[in-house]
Amino acid sequence: MKKVDFMCTAFRDGFQSVYGARVFTKDFMPAVDAARKAGITHFEAGGGARFQALYFYSNDDAFEMMDEFRRVAGPDADLQTLSRGVNVVGLDSQPRDIIDLHAKMFKKHGMTTIRNFDALNDVNNLIDSGNSIHKHGLKHEVTVTMMSLPPKTTGAHDPAFYEKTLRNILDAGIPFDSICFKDASGTSTPRTVYETVKRARKLVGDKVKIVMHSHDTAGCCVAQYMAALDAGANQVDLSMQPVSGGTCQVDIVTMWHALRGTDYDLGIDINAIQKAEAVFQECMKDYFLPPEATTVNPNIPFFPLPGGALTANTQMLRDNGLMDKYPEIVAAMGETVAKGGFGTSVTPVSQFYFQQAFNNVIYGPWKKIAEGYGKMVLGYFGKTPVAPDPEVVKIAAEQLTKEPTTKKVVDINDEDPTKGREASIKMLKDNNIEVTEENIFIAASCKEKGILFLTGKSKVNGVRKSDPAEEAAKKAGEYTVTVNGKAYGVKLGKTSATVNGVDYPLSVAAGIDQKAIAATQSAAPAASAAPAAITSSENITAPMPGLILRLECKEGQSVKKNQLIMVMEAMKMENEIYAPCDGVIGKITVSQGQQVVAGDVLATIGSSAPAAAPAAAAAPAAATAPSAAPAGGQVVAAPMPGLILRLECKEGQSVKKNQLVMVMEAMKMENEIYAPCDGTISKISVSQGQQVVAGDALLTIA
């Protein structure tokens, strides 16, 4: 009977693949303790998204989390983390001094092994990180990243390519203790896995540990693992309920069952494992479990989207009312993979593919290059497995105004004065934060949000966890509703609503009944002045949810077809809105800083004629004059919920219309807030690190 080693990934990759890595340390440590008591000795304990996410969302300290993990798991446990080569544990790449500091700090805080990969399989991106991991006394698990290409697509990602990548690692002299073949999308065919591992075993001999890592998104994880074991692999990665199957690794119990009657054995007490899983499920019962997280998706081979990215992107689309576009976007991913140079679909490249596919669906093929995708095809993340499509490279260079490069990523970063130890130390000193090596690394990898955490200004946000008291209130139909700054206590019944203790008749119907709304509005008092009539007008609508960044036209202005009239920010990108035809802007129905949803009318275009004057007697001049800012000034409100990242103005400062005054972080994006008019900042109502909701006053311009 051959003993099969396994690493429990539930508390790192499982969290990332289901919850976007947003889990509180205190909530899952009882499950770690239960897993230890069940005999598990090898855990994935941090790194990857489980570093930044703690500072960005959970308001936890990742180093303290690692210390606690070591205490609970015991002194003899093998605690492993994930590193993204030159990106270490962030999305941005780092210079050599921060890469070295990463290994030093993770060793200090109880980690024993670091799995180290590069999404492009560019060995140059593994050299410095591998050397530092080895130098600081950690075990280095060097990694080759895998995926299956969409049908009828060829170029890299076959056994010969993976064998060549491994040979390049050996030729580079990178020190390592084990080798991992990592398939983040779970799309490699079992046959490819078998042939790849077989070639690797022949290349490195019998004594080197070979690990197979995959996800069950395509439903092939067990078959992949069986193929890897038959070819000579020593270890597979397994997870635990509720973060197993689907976008995660296959469950320990499932793999145990698959190995029954074979020559392989996990060497576990299955009853003890089941008890540990019951503890884990109890720990996570209040966290939102996305329906797609634990579901096999048979179409994944056509768009190799990693488990950790799939749920993150569907949540973002769902939050923005764009889930109806999901099938089109993923169908477009095949072309972005092929023309992008066949980098493996794993962080950060998986996001680049998805963003470009999104742009190709919304704006038309290759009309708008996503920044990350463009920088990748231009060489700023390293060398892609094959050359990107020349026409796409040309378009990216033109749109991003960058020239292609073959320079090493670490060399580029070493020359960047905004990166590295000295830049991080300056950030700490500027904010009166103690200069420790932990804080230097937090500042380097998390930038402003790291500083907010270290200054005590960050707050929990984006953690999808239910509050039992809140759920009970919802079940009872009890809410506090704030409208225009005034709070109301509302209790909903079947036929009535009680508002501040007074009962009102209630009727709720699905959809929007425009006739009923029009009838209600017609019963309202007539306006003192009629709007201008627009004849032969055409509505210009928002193509997606977003934030109105800039208005490039005025009411009554003549415009030509394809003339820029407005700029929106959505899906982490600026989106330009053009006139669909020649005409006159009849009405602009939005303002700068306003949040809109897909289909909202932004403006009308056509010919205009003045409306007939109302028959009613004229109101006093003060009532009919155009609305102006109140005496206290014009209030700039938050267009969406978010975190105040930076203030770009001070009280008493004079500002011009469209001048940047503040930066918010929301939906994983930086959102710039601009002055809606000329004036003087009379009051700033928020501070850096403050969490706000849509409609909160940010500042006032007098």
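What you see is a predicted model, and the numbers here were worked out from it, not measured in a lab.

**A look at the sheet that holds strand S23 (residues 634-637)**
Within a beta sheet, neighbouring strands are joined by backbone hydrogen bonds and run either parallel or antiparallel to one another.
Right, so step 1: A sheet is described by the order of its strands in space; here 4 strands give the open sequence S23-S30-S28-S25, paired in antiparallel fashion. The open sheet is flanked by S23 and strand S25 (654-655), the only strands paired with a single partner.
Right, so step 2: When S23 meets strand S30 (residues 697-701), the two strands line up antiparallel, connected through 4 bridges. Within the sheet, the bridge partner assigned to Val636 lies in S30 and is Leu699.

**Details of the environment of Thr81**
Right, so step 1: You can see Thr81 is positioned in strand S4 (residues 78-83).
Right, so step 2: Along the sequence, Thr81 and Arg50 sit 31 residues apart, while their C-alpha atoms lie 9.1 Å from each other.
Right, so step 3: Setting aside residues no more than four positions away along its own chain, Thr81 makes contact with Ala45, Gly46, Gly47, Phe106, Met111, Thr113, Ile114 and Arg115.

**Comments concerning unusual backbone geometry**
Right, so step 1: With an omega of 10°, the peptide bond between Gln241 and Pro242 qualifies as cis.
Right, so step 2: Along the chain, Pro242 falls in the loop between strand S9 (235-238) and helix H10 (252-258).
Right, so step 3: Residue Pro348 follows Thr347 across a cis peptide bond; omega there is 0°.
Right, so step 4: Here Pro348 lies in the loop between helix H14 (333-340) and helix H15 (349-363).
Right, so step 5: In this model, Ala21 sits at a positive phi of 70°, which is unusual for a non-glycine residue.
Right, so step 6: With relative accessibility at 0%, the residue Ala21 sits in the buried group.
Right, so step 7: For Asn658, which is not glycine, the phi torsion reads 75° and is therefore positive.
Right, so step 8: Among the secondary structure elements, Asn658 is positioned in the loop between S25 and strand S26 (660-666).
Right, so step 9: By relative accessible area, which is 33% here, Asn658 ends up partly exposed.

**A few points about empty space enclosed by the protein**
Right, so step 1: Inspection of every chain in the model, using the stated rule, returns 2 cavities of 30 Å³ or more.
Right, so step 2: Within this model, the largest cavity holds a volume of roughly 120 Å³.
Right, so step 3: Every residue lining the largest cavity is counted, 15 residues in all, and those nearest its centre are Gln16, Lys182, Ala184, Val346 and Thr347.
Right, so step 4: For the lining of the largest cavity, the elements supplying multiple residues, two or more each, are helix H1 (10-19) and helix H12 (307-319).
Right, so step 5: Looking at the lining of the largest cavity element by element, the count peaks at 3 residues for H1.
Right, so step 6: Tallied by class, the residues present in the lining of the largest cavity amount to 6 nonpolar, 5 polar and 4 charged.
Right, so step 7: In this model, the second largest cavity occupies a volume close to 100 Å³.
Right, so step 8: Around the second largest cavity sit 13 residues that line it, and Asn87, Asp118, Ala119, Pro348 and Phe381 are the ones nearest its centre.
Right, so step 9: Along the lines of polarity and charge, the residues of the lining of the second largest cavity split into 8 nonpolar, 3 polar and 2 charged.

**Considering the sheet that holds strand S12 (residues 486-492)**
Right, so step 1: Strand order in the open sheet formed by 4 strands is S11-S12-S13-S14, with antiparallel pairing between adjacent strands. What marks the edges here is a single partner per strand, and that holds for strand S11 (478-483) and strand S14 (502-505). This sheet shows a mean twist of 35° between the axes of neighbouring strands, independent of strand direction.
Right, so step 2: Strand direction decides the pairing type here: S12 and strand S13 (residues 496-499), joined by 3 bridges, are antiparallel. In the strand pairing of S13, Lys491 is matched with Thr498.

**Quick notes on the pairing of strand S3 (residues 42-47)**
Right, so step 1: Where burial is concerned, most of S3 is hidden: 6 out of the 6 residues are buried.
Right, so step 2: Pairing analysis gives 5 bridges linking S3 to S4, with the strands arranged parallel. Residue pairing across strands places Gly46 opposite Thr81, the latter belonging to S4.

**A few points about the pattern of salt bridges**
Right, so step 1: Under the definition given, this model contains 29 salt bridges.
Right, so step 2: Of the charged contacts in the structure, one is a salt bridge between Glu438 and Lys108, with a shortest N-O distance of 2.7 Å. Placement of Glu438 in helix H20 (residues 437-454) and of Lys108 in helix H5 (residues 96-108) is noted, with a sequence separation of 330 residues between them.
Right, so step 3: Since its relative accessible area comes to 13%, Glu438 is described here as buried.
Right, so step 4: For Lys108, a relative accessible area of 54% corresponds to the exposed category.
Right, so step 5: Ionic contacts of the salt-bridge type, sharing partners, join the residues Arg96, Asp128, Asp411 and Asp414 into one network.

**Things to note about the packing of aromatic side chains**
Right, so step 1: For the structure on display, the rule yields 24 aromatic pairs.
Right, so step 2: With a centroid separation of 6.1 Å and an interplanar angle of 55°, the aromatic rings of Phe15 and Phe280 are classed as tilted. In this pair, Phe15 sits in helix H1 while Phe280 sits in helix H11 (residues 270-283), placing the two residues 265 residues apart along the sequence. Here Phe15 and Phe280 have matching classes, each one buried.
Right, so step 3: Both rings, one in Phe51 and one in Phe63, keep their centres 5.5 Å apart while their planes meet at 75°; by these two values the pair is edge-to-face. Taken together, the residues Phe51 in helix H3 (residues 49-58) and Phe63 in helix H4 (residues 62-73) connect sequence positions 12 residues apart. Taken individually, Phe51 and Phe63 each receive the classification buried, so the pair is uniform in this respect.
Right, so step 4: Across the ring face of Phe56, the terminal group of Lys449 is positioned such that the distance to the ring centre comes to 3.8 Å.

**Notes on the side chain of Thr196**
Right, so step 1: Within the secondary structure, Thr196 sits in helix H8 (residues 190-204).
Right, so step 2: In this structure the side chain of Thr196 is engaged in a polar contact, spanning 2.7 Å, whose partner is the backbone oxygen of Thr192.
Right, so step 3: Sequence-distant contacts of Thr196, defined by excluding residues within four places in its chain, comprise Met146, Pro159, Tyr162 and Phe181.

**Overview of the packing of H5 against helix H6 (residues 124-135)**
Right, so step 1: Their axes nearest at 8 Å, the elements H5 and H6 cross at an angle of 35°. Pair H5 / H6 crosses with right-handed handedness. Contact residues: H5 offers Arg96, Ile99, Asp100 and Ala103, while H6 offers Asp128, Ser129, Ser132, Ile133 and Lys135.

**What to know about the environment of Met568**
Right, so step 1: Mapped onto the secondary structure, Met568 falls in strand S18 (residues 564-570).
Right, so step 2: In this structure the C-alpha to C-alpha distance between Met568 and Leu549, which are 19 residues apart in sequence, comes to 5.2 Å.

**Re the environment of Asp13**
Right, so step 1: Along the chain, Asp13 turns up in helix H1.
Right, so step 2: With 294 residues separating them along the chain, Asp13 and Gly307 place their C-alpha atoms 9.0 Å apart.
Right, so step 3: One polar contact links Asp13 to His215, side chain to side chain, over a distance of 3.4 Å.
Right, so step 4: Of note is the side chain of Asp13, whose polar atom sits 3.2 Å from the side chain of Gln249.

Analysis parameters
Residues numbered from 1 in each chain as written. Predicted model: local features only at pLDDT ≥ 70, side-chain atom pairs only at ≥ 80, totals over all residues. Heavy atoms only, no water. Pairing = 2+ DSSP bridges. Helix = DSSP H or I, 4+ residues; strand = E, 2+ residues; numbered from the N terminus. Contact = heavy atoms within 4.5 Å. Buried < 20%, exposed > 50% of the residue type's maximum accessible area, 1.4 Å probe, protein only. 1 Å grid on protein atoms, 1.4 Å probe; cavity = no way out; pocket = protein on both sides within 12 Å on 5 of 7 lines; lining within 4 Å. Points joined across faces, edges and corners; volume = space filled by probe spheres on them. Nonpolar A, V, L, I, M, F, W, Y, C, P; charged D, E, K, R; others polar. Axes fitted to C-alpha atoms, helices over the stretch in contact; angles between N-to-C directions. Salt bridge = Lys/Arg side-chain N within 4 Å of Asp/Glu carboxyl O. Phe/Tyr/Trp six-rings, centres within 6.5 Å; stacked < 30°, edge-to-face > 60°. Lys NZ or Arg CZ within 6 Å of the ring centre and 35° of its normal. Polar contact = N/O pair within 3.5 Å; in protein donor to acceptor, adjacent residues only side chain to side chain. Left-handed = near helix turned anticlockwise from the far one by under 90°.

Shape is all these values report; function is a separate question.
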